[in-house]
Amino acid sequence: MLKLDKKKKYILGCSFGPDSMALFFMLLKENYDFVVCNIDYNYRPESKRETDSIEAVCKQKNIRFYTKNVLFSTDFHNFEARARKIRYDFFKEIGRKIGYYNILIAHQRDDLIETYLMQKERKSIVTYYGLNKSYQSEEFTIHRPLLKYTKKQLIEYCKKYKIEYSIDPTNFDQSLRRNFYRHSVLPTFSEEKKKEILPIISNVITYFPWIKIDIYAHISFFQLLLLRIYYNIYNS
């Protein structure tokens, strides 16, 4: 059970991966009011087929479908960050048009732990470790309802209910730091070790516990730099 508010209307970001397709059918099964938004970055030759497949499923299930076609460029600096901005801007654009102000992202437990480990490695100033279950972004609420599920569980869910999905081959490119953690670090962790990490990951300010807001939404780059300097002095 997803434990979302059924009085609200949702936008589901859907990539045709097993995580978002599992969430699609969970929403459908539990009778949530939602639409689907998809981005085709034209990054891979399979992307057009995947977008067409999502659209076909939406048409079959009578779910409104919105897509944006982006011409991928090798000039994109930090493609992951650029793609994320394009994606969220599109979700918000559609949300404002149709009056849906809750966005669903299909991050799962493995994503949560990977993010935590990367934050620790970078010694990042963050408002919370891992991924927040929900947070505000302008007038929108971003929800991640699958953080209690593992990737394996979601794939098993898809197989059980014969849900079609696709695996992005670029997810195996270990030159990307997240993929290195996904394929070379996380598999070495026992289930017990993962469970030990989870309580450490919390949706609170990590370095500045007296701050109870999302600092990124309220401070400038130079203020963030000062916080970084203060943190380094404090922990030296």
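Further up the page is the structure itself.
Structure report, in brief. No experiment lies behind these values; they were computed from the predicted model shown. (Residues numbered from 1 in each chain as written. Predicted model: local features only at pLDDT ≥ 70, side-chain atom pairs only at ≥ 80, totals over all residues. Heavy atoms only, no water.)

**Focus on the sheet that holds strand β2 (residues 33-40)**
Reasoning step 1: Taken in spatial order, the six strands of this open sheet run β3-β2-β1-β4-β6-β5, and their pairing is mixed. What marks the edges here is a single partner per strand, and that holds for β3 (65-69) and β5 (134-137). Averaged over all pairs of adjacent strands, the angle between their axes in this sheet comes to 25°, without regard to strand direction.
Reasoning step 2: Here β5 pairs with strand β6 (residues 140-143) via four bridges, running antiparallel. Its bridge partner being in β6, Ser134 is matched across the sheet by His143.
Reasoning step 3: In this fold helix α1 (residues 18-29) packs onto β1 (9-13), β2 and β4 (102-104), with an angle of close to 155° to the strand it touches most, β1.
Reasoning step 4: Together, β2 and β3 form the strand contacts of helix α2 (residues 47-61), whose direction differs from that of β2 by roughly 165°. (Pairing = 2+ DSSP bridges. Helix = DSSP H or I, 4+ residues; strand = E, 2+ residues; numbered from the N terminus. Axes fitted to C-alpha atoms, helices over the stretch in contact; angles between N-to-C directions. Contact = heavy atoms within 4.5 Å.)

**Re the packing of α1 against helix α5 (residues 151-160)**
Axes are the key here: two packed helices are described by the angle between their axes and the distance separating the axes.
Reasoning step 1: At their nearest, the axes of α1 and α5 sit 9 Å apart, and the two run at 60° to each other. The angle between α1 and α5 places the two elements in the oblique class. Along this stretch, α1 crosses α5, giving a crossing that reads as left-handed. In contact with Pro18, Asp19, Ala22, Phe25, Met26 and Lys29 of α1, α5 contributes Lys151, Leu154, Ile155, Tyr157 and Cys158.
Reasoning step 2: Residue composition of the contact of α1 with α5, grouped by class: eight nonpolar, no polar and three charged. (Parallel < 35°, antiparallel > 145°, perpendicular 65-115°, else oblique. Left-handed = near helix turned anticlockwise from the far one by under 90°. Nonpolar A, V, L, I, M, F, W, Y, C, P; charged D, E, K, R; others polar.)

**Points about the packing of aromatic side chains**
Reasoning step 1: By the definition in use, this model includes six aromatic pairs.
Reasoning step 2: Ring geometry for Tyr10 against Tyr32: centres 6.0 Å apart, planes inclined by 80°, an arrangement best described as edge-to-face. Taken together, the positions of Tyr10 in strand β1 and Tyr32 in the loop between α1 and β2 put the pair 22 residues apart, joining distant regions of the chain.
Reasoning step 3: For Tyr10, a relative accessible area of 1% corresponds to the buried category.
Reasoning step 4: The exposure class assigned to Tyr32 is buried, which follows from its relative accessible area of 8%.
Reasoning step 5: Following the ring pairs from residue to residue traces out a cluster consisting of Phe24, Phe25 and Phe34.
Reasoning step 6: Above the ring of Tyr88, the side-chain terminus of Arg84 is found at 4.4 Å from the ring centroid. (Phe/Tyr/Trp six-rings, centres within 6.5 Å; stacked < 30°, edge-to-face > 60°. Buried < 20%, exposed > 50% of the residue type's maximum accessible area, 1.4 Å probe, protein only. Lys NZ or Arg CZ within 6 Å of the ring centre and 35° of its normal.)

**A word on the pattern of salt bridges**
Reasoning step 1: A full pass over the atoms with the stated rule returns 10 salt bridges.
Reasoning step 2: Of the charged contacts in the structure, one is a salt bridge between Lys92 and Glu138, with a shortest N-O distance of 2.9 Å. Residue Lys92 is located in helix α3 (residues 79-98), and its partner Glu138 is located in the loop between β5 and β6; the two are separated by 46 residues in the primary sequence.
Reasoning step 3: A relative accessible area of 8% means that Lys92 is categorised as buried.
Reasoning step 4: On the basis of relative accessibility, which here comes to 58%, the residue Glu138 falls in the exposed class.
Reasoning step 5: The shortest N-O distance in the salt bridge between Lys97 and Glu93 comes to 3.4 Å. Here Glu93 and Lys97 lie together in helix α3, a separation of four residues that amounts to about one turn.
Reasoning step 6: When its relative accessible area of 34% is taken as the criterion, Glu93 is described as partly exposed.
Reasoning step 7: In this structure, a network of salt bridges that share partners links the residues Lys92, Arg96, Glu138 and Glu139. (Salt bridge = Lys/Arg side-chain N within 4 Å of Asp/Glu carboxyl O.)

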